[in-house]
Amino acid sequence: MIAPSILSADFARLKEEADAVPGADWLHVDVMDGHFVPNLTLGLPVVEALERATAIPLDCHLMINDPDRWAPGYAEAGSRNVTVHAEAANDPRKLSRDIRAAGALAGLSIKPRTPLEDWVEVLRDYDTLLVMSVEPGFGGQKFMPEVLDKVRTARRLVDTGHLNVLVEIDGGISRDTVEQAAEAGVDCFVAGSAVYGADDPEQALEALRTQAAQASAHLRQG
């Protein structure tokens, strides 16, 4: 799965930018509050408008304080997946139930320096694990390959039946990094500048998908 990130799109033309990637599996929406992360992006009203403007399922990544209060609203707005940060949630198990009850898949994200092991039991209540491969808050950062150990661990836990989550990665995904992420066991790749920085975003998306699929096939054969 490829989820283009509108953080790298033109915010003045979000409908057109969504239309430019009709092959996207999800459209990744980074919600930042200027507190949990230093940057400030957009909020629920923009997500509601984007829901009306595109048929692509929205993948909302909430980089915000107090997600227990705010996350269910993004599910109620129609988002397909709503991801909160483990580091910010007060009661992550209850929050996952609230997100699901509001109609979305529930995702849990961990920063690059957050150990996966601390959250394995909590992840049993979630549908998606989002591994950050950059420090959250800004687009265009360099990929951190050391986080792939967490991806490999998550992949093993999923493949052995200990977890039932989609493994997603966000940060620095490009033609140069997508294969190593796929070989580690990623299911869904968030890509911002690699898609929206290209002359043809849809062609760039499909090129990433082809690379990821080939690397994933190699992993299965191995």
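Nothing here was measured: the structure is a model prediction, and the numbers come from that model.

Summing up its helical and strand segments, the protein chain has nine helices and eight strands in all. Per-residue burial over the protein chain gives 55% buried out of 222 residues. Put simply, of all contacts in the protein chain between residues at least 6 apart along the chain, 61% involve residues at least 24 apart. Here the protein chain has roughly 9,700 Å² of accessible surface; of this, 48% comes from carbon and sulfur atoms. Distance between charge centres in the protein chain, computed from 20 positive and 35 negative side chains, equals 4 Å.

Once that is clear, we can look at the packing of aromatic side chains. For the coordinates displayed, the defined rule picks out zero aromatic pairs. The ring of Phe36 carries the charged tip of Lys111 above its face, separated from the ring centre by 4.6 Å.

What follows is about the UniProt feature "binding site: substrate" (unreviewed entry) in the protein chain. If you check UniProt for "binding site: substrate" (unreviewed entry), the listed places come out as Ser5, His61, Gly137, Phe138, Gly139, Gly140, Asp170, Gly171, Gly172, Gly192 and Ser193 in our numbering. Within the annotated group just given, the residues that line the largest pocket are Ser5, Gly137, Phe138, Gly139, Gly140, Asp170, Gly171, Gly172, Gly192 and Ser193. Among the structural elements, Gly137 can be located in the loop between strand E6 (128-132) and helix H6 (148-159). Given a relative accessible area of 2%, Gly137 falls into the buried group. Apart from residues lying up to four places away in sequence, Gly137 is in contact with Met32, Val37, Asn39 and Met63. Its place among the elements puts Phe138 in the loop between E6 and H6. The partly exposed category is assigned to Phe138, whose relative accessible area is 46%. Ignoring any residue separated from it by four or fewer positions in sequence, one finds Phe138 in contact with Leu7, Met32, Pro38 and Asn39.

Each value, and the rule that gives it
Going along each chain's sequence as written, the residues are numbered from 1 onward. Per-residue local features are limited, in this predicted model, to residues with pLDDT of at least 70; the limit for side-chain atom pairs, both in listing and counting, is 80 or more; totals at the level of whole chains, interfaces and linings are taken over all residues. For the side-chain quantities, the full set of heavy atoms in the structure was used; hydrogens and water were omitted. By the criteria applied, helices consist of DSSP H or I runs no shorter than four residues and strands consist of E runs no shorter than two, each listed in order from the N terminus. The cut-offs for exposure are 20% and 50% of the maximum accessible area for each residue type, with area from a 1.4 Å probe on protein chains only; residues under the lower value are buried, those over the upper are exposed, and the others partly exposed. Residue contacts are counted whenever heavy atoms from the two residues lie within 4.5 Å of one another. Computed with a 1.4 Å probe, the accessible areas rest on the Shrake-Rupley method; for each residue, only the protein chains presented here act as cover. The sign given to each residue is positive for Lys and Arg and negative for Asp and Glu; His and the chain ends receive no count. Each charge is placed at NZ for Lys, CZ for Arg, CG for Asp and CD for Glu. Aromatic rings from Phe, Tyr and Trp, taking only the six-membered ring of Trp, are treated as a pair when their centres fall within 6.5 Å; an angle between ring planes under 30 degrees marks them as stacked, one over 60 as edge-to-face, and anything in between as tilted. Over a ring means this: the NZ of a Lys or the CZ of an Arg is within 6 Å of the ring centre and within 35 degrees of the ring normal. UniProt positions are given in the numbering used here, feature names are shortened, and annotations may be inferred rather than shown by experiment. Definitions used for this entry: grid spacing 1 Å over protein atoms alone; cavity, a set of points where a 1.4 Å probe fits but cannot get out; pocket, an open set with protein on both sides within 12 Å along at least 5 of 7 lines; lining residue, one with an atom within 4 Å of a point.

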